[in-house]
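A structural walkthrough
What follows is each chain in one-letter form.
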Amino acid sequence: LMEVLNLRRLRNASIEDRTHQEIAAMQVLIDTKGVAIGQVNGLAVLGTGDHNYGMPSRISARTYAGEEGVVNIERLTEMGGPIQQKAALILEGFLNALFAQRFPLSYSCSLTFEQNYGDIEGDSASLAEVAAIISSLSGFPIRQDIAITGSMNQFGSAQSVGGVHYKIEGFHRVCSEQGLSGTQGVIIPYSNCKHLTLRENVVEDIRQRKFFI
């Protein structure tokens, strides 16, 4: 069975492999070490025919004086689908409820998926987006050896998302190709733990504490 799956992947994974080559060549920028302010590794699931795979995507937030709140660049450029736009409004509601009980928030924040040239849909980047925004507002850096996936509601609770095993495997591959440090891993909603069916090489690195969930 594993041989069949590997042969199927070999037949269908040329685009996935090319994207990883671009990351390795630093044509697509993904950091797996160090820290950065207002920058976080999100995770997406992509598909080509009958082949689905996970890939990290850099999410960045830049805050500055103003009154516009969260400026969702994907919405303004008509690259964000309705669920993605709804998720951006939900995280803005969370921020307003958290920080603006007595006085209105006075800030603007430009939020985007870096080096993305296609449509974006879904709410699974909500937790990563709010982390990037709070990091930019506070000046507190985010670890780049960690990737985050998960939806959230207006109360800040993490919610399950789809394709978690693809996302973990995609970030694990990038970390492996850049060199496992023993601190890298993925943050997922706890409710997604029951859905994990990971490749054996990922399980083995987790077992040896080279990679974490």
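Anyway, here's the lowdown on the structure attached to this text. This is a predicted model, so every value here is computed, not measured.

1. Some points on helix 4 (residues 82–99)
With 18 residues, helix 4 ought to run about 26 Å at 1.5 Å a step, and its terminal C-alpha atoms sit 26 Å apart, in line with that. For helix 4, the complete set of buried residues consists of Gln84, Ala87, Ala88, Ile90, Leu91, Glu92, Gly93, Phe94 and Leu95. Turning to helix 4, the residues buried within the fold contact strand 4 (69–72), helix 3 (73–76), strand 5 (108–113), helix 5 (126–138) and strand 8 (151–152).

2. Things to note about the nonpolar core
Counting residues in each nonpolar core, the largest one holds 22 residues, and the members touching the most others are Val40, Ile59, Val70, Leu95 and Ile133. Not counting residues up to four positions away in its chain, the partners in contact with valine 70 are Leu91, Glu92, Leu95, Tyr107, Cys109, Leu111 and Ile133. Listed in part, the 12 residues of the second largest apolar core include Leu43, Phe171, Cys175 and Ile188.

3. A word on the packing of helix 4 against helix 5
Direction vectors running N to C along helix 4 and helix 5 enclose 45°, while the axes themselves pass 10 Å from each other. By the angle class used here, helix 4 and helix 5 are oblique. Of the two elements, helix 4 crosses helix 5, and the hand of that crossing is right-handed. Residue-level contacts link Gln84, Ala87, Leu91, Phe94 and Leu95 of helix 4 to Ser126, Glu129, Val130, Ile133 and Ile134 of helix 5. Here the contact of helix 4 with helix 5 is composed, by residue class, of 7 nonpolar, 2 polar and 1 charged.

4. Quick word on a nonpolar patch on the surface
Side chains of Leu1, Met2 and Leu5 sit close together on the surface and give an oily, nonpolar patch of about 360 Å² of accessible area. Exposure remark for leucine 1: the relative accessible area of 80% places this residue in the exposed category.

5. Brief notes about the side chain of threonine 112
For threonine 112, the position within the fold is in strand 5. Classification of threonine 112 by relative accessible area gives buried; the value is 12%. Here the side chain of threonine 112 touches glutamate 74 through a polar contact of 3.1 Å, side chain to side chain. Discounting chain neighbours no more than four positions away, the residues touching threonine 112 are Arg58, Ile59, Ser60, Ile73 and Glu74.

6. Description of the pairing of strand 3 (residues 51–64)
A regular strand carries its side chains on alternate faces of the sheet. Most of strand 3 is tucked away: 10 of the 14 residues are buried. Across 10 bridges, the pairing between strand 2 (residues 39–48) and strand 3 is antiparallel. Within strand 3, the position partnered with glycine 42 by the bridge is serine 57. Here strand 2 folds back onto strand 3 in antiparallel fashion, the turn holding 2 residues, of which glycine 49 has a positive phi close to 65°.

7. Observations regarding the pattern of salt bridges
According to the stated counting rule, one finds 8 salt bridges in the structure shown. For arginine 173, the salt bridge identified is with glutamate 177, shortest N-O distance 3.0 Å. Taken together, the residues arginine 173 and glutamate 177, both in helix 6 (residues 164–178) and 4 residues apart, mark about one turn of the helix. Accessibility expressed as a relative area gives 44% for glutamate 177, which makes it partly exposed. Here arginine 207 ties to glutamate 200 by a salt bridge, and the two come within 3.8 Å at their closest N and O atoms. In the salt-bridge network here, residues are joined through shared partners; they are Glu16, Asp17, Arg173 and Glu177.

Analysis parameters
Residues numbered from 1 in each chain as written. Predicted model: local features only at pLDDT ≥ 70, side-chain atom pairs only at ≥ 80, totals over all residues. Heavy atoms only, no water. Helix = DSSP H or I, 4+ residues; strand = E, 2+ residues; numbered from the N terminus. Expected span 1.5 Å × (residues − 1). Buried < 20%, exposed > 50% of the residue type's maximum accessible area, 1.4 Å probe, protein only. Contact = heavy atoms within 4.5 Å. Core = buried A, V, L, I, M, F, W, Y, C linked by side-chain atoms within 4.5 Å. Axes fitted to C-alpha atoms, helices over the stretch in contact; angles between N-to-C directions. Parallel < 35°, antiparallel > 145°, perpendicular 65-115°, else oblique. Left-handed = near helix turned anticlockwise from the far one by under 90°. Nonpolar A, V, L, I, M, F, W, Y, C, P; charged D, E, K, R; others polar. Patch = residues over 30% accessible without salt bridge, like charges linked within 9 Å, V, L, I, M, F, W, Y side chains within 5 Å. Areas by Shrake-Rupley, 256 points an atom, 1.4 Å probe, with all protein chains shown as cover. Salt bridge = Lys/Arg side-chain N within 4 Å of Asp/Glu carboxyl O. Polar contact = N/O pair within 3.5 Å; in protein donor to acceptor, adjacent residues only side chain to side chain. Pairing = 2+ DSSP bridges.

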